[in-house]
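Commentary on secondary and tertiary structure
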Protein chains: 2
Amino acid sequence: MPLRVVGVDPGLTRCGLSAVDVERNRSAQLVAVKVVGTASSEPLDQRILAIADAIDEWLDTHRPDAVAIERVFTYTNVSTVMGTAQATGVVIAAAARRNIPVALHTPTEVKAAVTGDGRADKATITAMVTRILKLDAPPKPADAADAIAIALAHAWRGAAPGSLAAASSGAQSGMTAAQRAWAQAQAKAGSTGKRAEEARLRALVKRSAR
Amino acid sequence: MPLRVVGVDPGLTRCGLSAVDVERNRSAQLVAVKVVGTASSEPLDQRILAIADAIDEWLDTHRPDAVAIERVFTYTNVSTVMGTAQATGVVIAAAARRNIPVALHTPTEVKAAVTGDGRADKATITAMVTRILKLDAPPKPADAADAIAIALAHAWRGAAPGSLAAASSGAQSGMTAAQRAWAQAQAKAGSTGKRAEEARLRALVKRSAR
DNA sequence: GGGACATAAGGTGACA
DNA sequence: TGTCACCTAGACTTCT
DNA sequence: AGAAGTCTCCCTTCCA
DNA sequence: TGGAAGGGTATGTCCC
């Protein structure tokens, strides 16, 4: 019984969506991936609407156990942040409406999770994602790989940082019992496996480099 | 036939919602105002969900012709921006789903519109709002006044800056024909009236000061 | 194992 | 249409 | 009429 | 529970 995670790489012009099934033994399989694009010529509300519709459909189609979103940082450019944050808000709302736990992850966190190194370039990430999921070819739009990486990172690290965690209104939100069980099982294996996995990842990265 | 505008002062902890009817002759009447609060103890997704639900209900209840949102600025604190931006995104999406035009307005813009001075303190704004709408008492939570001011500012200045404006997908989005008509009529009167109005506002502000 | 330091991205517009 | 390089907030007010 | 300068806010925690 | 004041990024990596 795999954990299905939807990963989101938010953005106004391009918004990456992924769905991944992750087994308790850390093996993962790609379910679907997509990139939603909106033109800057469209009015803002239409752009956001497009994203909202896309995420709604995505969640209804794939019915994930969790949603992981890439947390944005204060780039040098502020106004762009707003756009991405707005998109993020829409995604969070969409998930919350369906009572799906949401988690945010920083870019470094994601990179570290999938490559074993907190600072890895986009190419490395793409390569690792491709390898981990045993894909025939790298995910086509670059943002797709990112979306996938986010989902993987979430499944592998747990929902720890910065967003949702636990009980809010009694029985509903937070983690499903099943998910909690999964997380615990995964964490138990993780105490030893995590380090090993990271080493393995680093090795793969090196090998990919040549 | 007044133009009904919903004004939103976004925020995670407190989100102000207003609904105002504005006549073509610039007179305005308060329909409703409300502040949605969420506790920092709740998980982020629940907070956003609460806001999403609130705005959904608000729009369905008041069926405005337009939604005006206060645009956020790069405070010194970045992380708070994210929260407000996320809330903003939710609001935009809610409006867009209903095909209601959305506009963002900067704080200065709003202040200038209702007080005649781009830099007026919160008290002045509250006072002006109270006066303009002929309220018996100042709007109770301070954010409420802000939400109202935003709505007023939008109605008085038109949807000019920064967000939506016009044709995107054929017949639907942008302005309703009726709205466009209203805007034009209002603008025609405005060419002369606007200056006068601002002067009147400034006078009022002065008088309030003593 | 703990503490200090360096690091991190995306939108728009032109061009191929 | 896909890729590449550049920039990175915005509006009011006031003074020239 | 045009150009430079300046100012902008929310979230959390504590206290009454 | 309402109001007032302060503060302001997060994470991984490397080196102690």
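Residues numbered from 1 in each chain as written. Chains lettered and ligands numbered in written order. Predicted model: local features only at pLDDT ≥ 70, side-chain atom pairs only at ≥ 80, totals over all residues. Heavy atoms only, no water.

1. Considerations on the protein's contact with DNA strand E
Residue and element names in this part refer to chain B. Neighbouring residues of DNA strand E: Gly11, Leu12, Thr13, Ser40, Arg47, Glu70, Phe73, Tyr75, Thr80, Thr84, Pro107 and Lys111. Near the protein, meaning within 4 Å, the atoms of DNA strand E are sugar or phosphate in a fraction of 78%, with bases accounting for the rest. In the model, a phosphate oxygen of DNA strand E is placed 2.7 Å from a nitrogen or oxygen of the Leu12 main chain. The separation between a phosphate oxygen of DNA strand E and a polar side-chain atom of Arg47 is 3.4 Å. Contributing elements (two or more residues each) for the surface near DNA strand E: helix H2 (78–97) and helix H3 (107–115). (Near = heavy atom within 4 Å. Polar contact = N/O pair within 3.5 Å; in protein donor to acceptor, adjacent residues only side chain to side chain. Helix = DSSP H or I, 4+ residues; strand = E, 2+ residues; numbered from the N terminus.)

2. Regarding the packing of helix H3 (residues 107–115) of chain A against helix H5 (residues 142–157) of chain A
Residues and elements named next belong to chain A. Remark: H3 packs on H5, axes separated minimally by 8 Å, with the N-to-C direction vectors making an angle of 80°. In terms of orientation, H3 lies roughly perpendicular with respect to H5. Contacts between H3 and H5 involve Glu109, Val110, Ala113 and Val114 from the first element and Ala149, Ile150, Leu152, Ala153, Trp156 and Arg157 from the second. Partitioned by chemical class, the residues of the contact of H3 with H5 number 8 nonpolar, no polar and 2 charged. (Axes fitted to C-alpha atoms, helices over the stretch in contact; angles between N-to-C directions. Parallel < 35°, antiparallel > 145°, perpendicular 65-115°, else oblique. Contact = heavy atoms within 4.5 Å. Nonpolar A, V, L, I, M, F, W, Y, C, P; charged D, E, K, R; others polar.)

3. Details of the sheet that holds strand S2 (residues 14–22) of chain B
Through backbone hydrogen bonds, the strands of a sheet pair up, either in parallel or in antiparallel fashion. All names here are of chain B. If you trace the 5 strands from one edge of the open sheet to the other, you get S3-S2-S1-S4-S5, paired in mixed fashion. In this open sheet, the two edge strands, each paired with only one partner strand, are strand S3 (28–37) and strand S5 (102–105). On average, adjacent strands in this sheet sit at an angle of 20° to one another, irrespective of strand direction. Helix-sheet contacts for H2 involve strand S1 (3–9), strand S4 (66–70) and S5, and the interaxial angle to S4 is about 170°. (Pairing = 2+ DSSP bridges.)

4. Examining helix H4 (residues 122–132) of chain B
Considered for burial, the residues of H4(B) that qualify are Thr124(B), Ile125(B), Thr126(B), Met128(B), Val129(B), Thr130(B) and Ile132(B). Where H4(B) terminates, the next one or two residues include Lys134(B), which has phi positive at roughly 55°. (Buried < 20%, exposed > 50% of the residue type's maximum accessible area, 1.4 Å probe, protein only.)

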